[in-house]
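Residue-level structural notes
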Amino acid sequence: MRSSSDRPLASLILGLAAGACAACAGPAAAQGLEEKVNAAIQRGRAALLPRLASQLRNIPADYPMGRIALSLAAVLKAGILSEDETVVGALARLEELPVAQTYSAACYLFALDAYWQARHREGLAAARKAKAGSTSAAAVPRVPPEGPVRKAMERCIAWLVQGSGGTWSYGGRGPGDLSNSQFAVLGLEIGLENGIPIPLEVFRAVAEHLVRVHHAEGEPEPFALTVRTPAWEGVTAGVARTVTLTVVQGGWNYEMNPGAGPSHTMTAAGVSSLLIARRALRDQGVYSGELAAQVDRQIHAGFAWMGRRVSGYLTSQHYGIYSLEKAGDIGGILLLGTADWYQEGARFLLRSQRRDGSWGDEVNTAFALLFLTRATRSHLQALGPPVHLTGGGAGNAGNGDDAGDPDGEGSDLVHVARLQGFVSAATVFEFLADTRDPALVPVAEEVVRGYPPHRMHEVVLRLLSVWTGEADAVTRFARAALERISGLAKAERPAFEVLAGGLAKARELERKGEDPAGELPGLLRGARSALLKRRALDLIDRLGQAEAFPAVIEELAGPDPEVRRRAREVLEQWAGGGAPAEGSREDPEAWRAWWAARGADVAARRRALSLLDRIERGGDAKEVDAAVDALARLGEAAVPPILAAMERGEYSAHLLRALAAVTGESAGLRAEDWKRALAGRETAARPR
């Protein structure tokens, strides 16, 4: 599979614009503009690179990190090799500098991300050359930043999120202005793109603040937005669609004063910040309610305001045109009304480029290059969705709980037969949310079917992320899939949000290997979904949570046949040969009588067996230690199962630790020695 990054630079840049609608120029004109833009990028890069080298020799007095990083990001986006000596020197210098200003932290993140993308592009080029012309991108899987690059990203993100509120000043998060705030949010977007955890409250605060300080102008009027979705070879060519909205235009200003009128640059800043906050909240399934409706309205209002005034962004100060690119590319916008914002901006920059290839000073030149190279496009737009080819079809997908999880616990790779490889579930749903392209629905359906059952809470969140107010094919798919996997027919969105929380709680308890607070019975009883009930029953069985036996008995009278079947299986397995008579095993009263007579012994035995299984499986040291401690808390009831496990052959030294904790004895390594020691203790304890 070939990602969009395999295409020539200028073709990639103009790919969203060329031939997308009747308002665009013809193919010959588009090709001519593409060639001119490519030449301008090369000249601009040639002009900025020596200036970056000069910045390294003579460190700028103000915003040293920010100025160096902005220049570095621009030359990398313009195609300079990641191994260029000036690039290497700039990265080394930036690593030495402290993070001290909002602009600087954000620009450093831009540069780090541009560097990592450049390395990926170069890896693709080398793989193509090594494979004698093959266009497959599978030889170079796209991996998130690691090592010093990731550490530096984490350092900047940590600096940006400290503090409180949804705005930033020059000195960090807190009361501030929209210019600093938009750079901070753009920096946080780099974190989102590269899998760096960021508290959701940051994005909620951004959205809530921008909603409060929005300035509306005029009366409701129709406005058309045309969006172009990226292509995914073998899946979709991308689509252009126009939506006509009735909106009241509006925007923002530098001071974020809702009583003052909007400005060009800050309205674009407000729109791009809301788009990023919306994505972050939507990806976690928490984008709903009145806040979501207000954010959507104000994004549309901002685009309408910008569309009426595109010429106002074409000034000698290129901060404005860079802000236009951020909003346009993050939103996937092709046309604002009838204005082709990218082509108008590109033609303006071609006219204003100087003889030496620059657009004035380093900052203006960097902003011009970042506009022309469409630097703010997401990884999905810039690099395309990665597919890890197996070459063997579905037979390589694995089976059981590990199916679709070839990289271990943290992976979300799922086998998609039509692509003959593994794809990231997060990437598929991100692509689906961004594009709303019906051609992606069959791929998403395969992802849902192939996801590991023990991580189904992630699928529910993914589906919620693409369920919007739009009555389109994507929302219909999300709702139908949620109903199918959950068993909740004709339920509304809040019911599925509750389900996602319940499944997440089940996964949390599974990772712990125990249920110390006894939450599973309540989870089982409170579940409306058959999916969650089956999940809770599986965990009750796996963790030996015999205290939940009465709740399991109740499910024998439930409405879902699969839940009833699974409940009976759990009860029979626990009871062994002592279960009620065959004809009464579906009778809750028969099981309640059985439990009253034998429950205490069964609870202790099942709990001990479950903890022993967790210890023997090994893995995470903290989880194993927690299981050993829980086994010791069972007291003398844990001794027979431990000794039985030791008699079976090889066993973990952790069992000896648990025996010592329960008995207060130390009797060596063999089960026979322990039996003699414990028998001797019992003999000594008998009255004479």
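All of these numbers come straight from a predicted model, not from anything done at the bench. (Residues numbered from 1 in each chain as written. Predicted model: local features only at pLDDT ≥ 70, side-chain atom pairs only at ≥ 80, totals over all residues. Heavy atoms only, no water.)

**Quick word on the overall build of the chain**
Per the secondary structure count, the chain includes 28 helices and ten strands. Within the span of the chain, comprising 688 residues, buried residues form 56% of the whole. Across the chain, every contact between residues at least 6 apart in sequence was considered, and the portion connecting residues at least 24 apart equals 70%. Of the roughly 28400 Å² of accessible surface on the chain, 52% is carried by carbon and sulfur atoms. (Helix = DSSP H or I, 4+ residues; strand = E, 2+ residues; numbered from the N terminus. Buried < 20%, exposed > 50% of the residue type's maximum accessible area, 1.4 Å probe, protein only. Contact = heavy atoms within 4.5 Å. Areas by Shrake-Rupley, 256 points an atom, 1.4 Å probe, with all protein chains shown as cover.)

**A word on the nonpolar core**
With 113 residues, the main nonpolar core has L72, F110, L188, F303, M306, L336 and L372 as its most contacted residues. Looking at which element gives the most residues to this core, the answer is helix α5 (residues 102-130), with 13 residues. Counting residues in hydrophobic clusters, the runner-up holds 72 residues, among them V443, F496, L543 and L556. (Core = buried A, V, L, I, M, F, W, Y, C linked by side-chain atoms within 4.5 Å.)

**A word on the sheet that holds strand β7 (residues 333-336)**
Taking strand neighbours across the sheet as the criterion, the three strands line up as β5-β4-β7 in an open arrangement whose pairing is antiparallel. Looking at the sheet topology across the chains shown, the edges are occupied by β5 (240-247) and β7. Direction aside, neighbouring strands of the sheet carry axes that sit 25 degrees apart on average. Sheet analysis places strand β4 (residues 221-228) next to β5, joined by eight bridges and oriented antiparallel. The partner of P222 across the bridge, within β5, is T246. (Pairing = 2+ DSSP bridges. Axes fitted to C-alpha atoms, helices over the stretch in contact; angles between N-to-C directions.)

**Brief notes about unusual backbone geometry**
For Y63, which is not a glycine, the phi torsion comes out positive at approximately 50 degrees. Despite not being glycine, M256 shows a phi value in the positive range, around 55 degrees. Within the fold, M256 resides in the loop between β6 (250-251) and α9 (264-283).

**Some remarks on the pairing of strand β9 (residues 413-416)**
Side-chain alternation along β9 places L413 and H415 on one buried face and V414 and V416 on a second face that is also buried. Here β9 runs beside strand β10 (residues 421-424); their pairing, made up of four bridges, is antiparallel. Looking across to β10, one finds that V414 is bridged to V423. Two successive antiparallel strands, β9 and β10, enclose a turn made up of four residues, where Q420 displays a positive phi of approximately 55 degrees.

**What to know about the packing of aromatic side chains**
All chains considered together, the criterion is met by 16 aromatic pairs. Their ring planes at 40 degrees and their centres at 6.0 Å tell us that F110 and F183 sit as a pair that is tilted. Separated by 73 residues along the polypeptide, F110 in helix α5 and F183 in helix α7 (residues 178-193) bring together distant segments of the chain. With respect to burial, F110 and F183 carry one shared label: buried. Ring plane angle 55 degrees and centroid distance 5.8 Å describe the contact between W467 and F496, whose orientation is recorded as tilted. Of this pair, W467 sits in the loop between α17 (456-466) and α18 (473-486) while F496 sits in helix α19 (residues 493-512), and the two are 29 residues apart along the sequence. For the residue pair W467 and F496, the accessibility class agrees, reading buried in each case. One aromatic cluster in this structure is built from Y63, Y103, F110, Y170, F183, Y319, Y322 and F367. Against the face of F183 rests K326, its NZ or CZ located 6.0 Å from the ring centre. Its end group placed over the ring of Y322, K326 keeps NZ or CZ at 4.3 Å from the ring centre. (Phe/Tyr/Trp six-rings, centres within 6.5 Å; stacked < 30°, edge-to-face > 60°. Lys NZ or Arg CZ within 6 Å of the ring centre and 35° of its normal.)

**Thoughts on the side chain of Q182**
Within the secondary structure, Q182 sits in helix α7. Sequence-distant contacts of Q182, defined by excluding residues within four places in its chain, comprise M266, A269, S272, S273, Y319, S323 and K326.

**Section: the pattern of salt bridges**
Counted according to the given criterion, the structure contains 34 salt bridges. Among the ionic pairs, E483 bridges to R479, the shortest N-O distance being 3.6 Å. Of this pair, E483 and R479 both sit in helix α18, four residues apart, which is roughly one turn of that helix. On the accessibility criterion, E483 (23% relative accessible area) is partly exposed. Ionic pairing is found between D541 and R566, a salt bridge with its closest N-O pair at 3.3 Å. One end of the pair, D541, is in helix α21 (residues 530-542); the other, R566, is in helix α23 (residues 561-575), with 25 residues separating them in the sequence. Looking at D541, the relative accessible area reads 10%, which means it is buried. The class of R566 is buried, set by a relative accessible area of 15%. Among the charged side chains, a salt-bridge network with shared partners connects D538, D541, E562, R565, R566 and E569. (Salt bridge = Lys/Arg side-chain N within 4 Å of Asp/Glu carboxyl O.)

**A look at the confidence of the model for the chain**
The share of residues in the chain with pLDDT of 70 or more is 86%, and the mean pLDDT across the chain is 83. Confidence scores differ between elements of the chain, with helix α1 (residues 9-14) showing the lowest mean pLDDT of 35 and strand β1 (residues 168-169) the highest of 98. Per-residue pLDDT stays below 50 along residues 1-25; that stretch engages in 69 contacts with residues further than four places along the chain or on separate chains. Overall, residues 390-409 carries pLDDT values under 50, and its contacts beyond four positions in sequence, including any with other chains, amount to 40 contacts. (pLDDT = per-residue confidence, 0-100.)

**Overview of the environment of G171**
As for its placement among the helices and strands, G171 is situated in the loop between β1 and β2 (172-173). Taking the C-alpha atoms as reference, G171 lies 10.0 Å from V99; in sequence the two are 72 residues apart. Not counting residues within four places of it along the chain, the set of residues in contact with G171 comprises T102 and W159.

**Structural notes on the side chain of T167**
With respect to the helices and strands, T167 occurs in the loop between α6 (147-161) and β1. In this structure T167 comes out as buried when scored by relative accessible area, which is 7%. Polar side-chain contacts of T167 include one of 2.7 Å to the backbone oxygen of G174. If sequence neighbours within four positions are ignored, T167 has contacts with R173, G174, P175, G176, S181, H209 and M256. (Polar contact = N/O pair within 3.5 Å; in protein donor to acceptor, adjacent residues only side chain to side chain.)

**Digging into the packing of α9 against helix α10 (residues 289-307)**
Across the interface, α9 lies against α10 with an axial gap of 9 Å and an inter-helix angle of 150 degrees. By the angle between their directions, the pair α9 and α10 is classed as roughly antiparallel. The hand of the α9/α10 crossing is left-handed. Residues H264, T267, A268, V271, L274, L275 and R278 of α9 pack against V295, D296, Q298, I299, G302, F303, W305 and M306 of α10. The residue inventory of the contact of α9 with α10, partitioned by class, reads nine nonpolar, four polar and two charged. (Parallel < 35°, antiparallel > 145°, perpendicular 65-115°, else oblique. Left-handed = near helix turned anticlockwise from the far one by under 90°. Nonpolar A, V, L, I, M, F, W, Y, C, P; charged D, E, K, R; others polar.)

**Looking at the environment of R418**
Of note, R418 is situated in the loop between β9 and β10. Once the C-alpha coordinates of R418 and V235 are considered, the two residues, 183 residues apart in sequence, prove to be 8.8 Å apart.

**Side note on helix α24 (residues 588-617)**
One turn of the α-helix equals 3.6 residues, which is why residues spaced by three or four share an orientation. Between its first and last C-alpha atoms α24 spans 34 Å; for 30 residues at 1.5 Å apiece the expected length is 44 Å, and the helix comes up short by more than 12%. Along α24, the sharpest kink reaches roughly 75 degrees, centred on R598. At the N-terminal end of α24, a side-chain oxygen is found 3.0 Å from the backbone nitrogen of E589, two or three residues along, and the residue is D587. (Expected span 1.5 Å × (residues − 1). Bend = angle between axes of the 7 residues up to and from the residue.)

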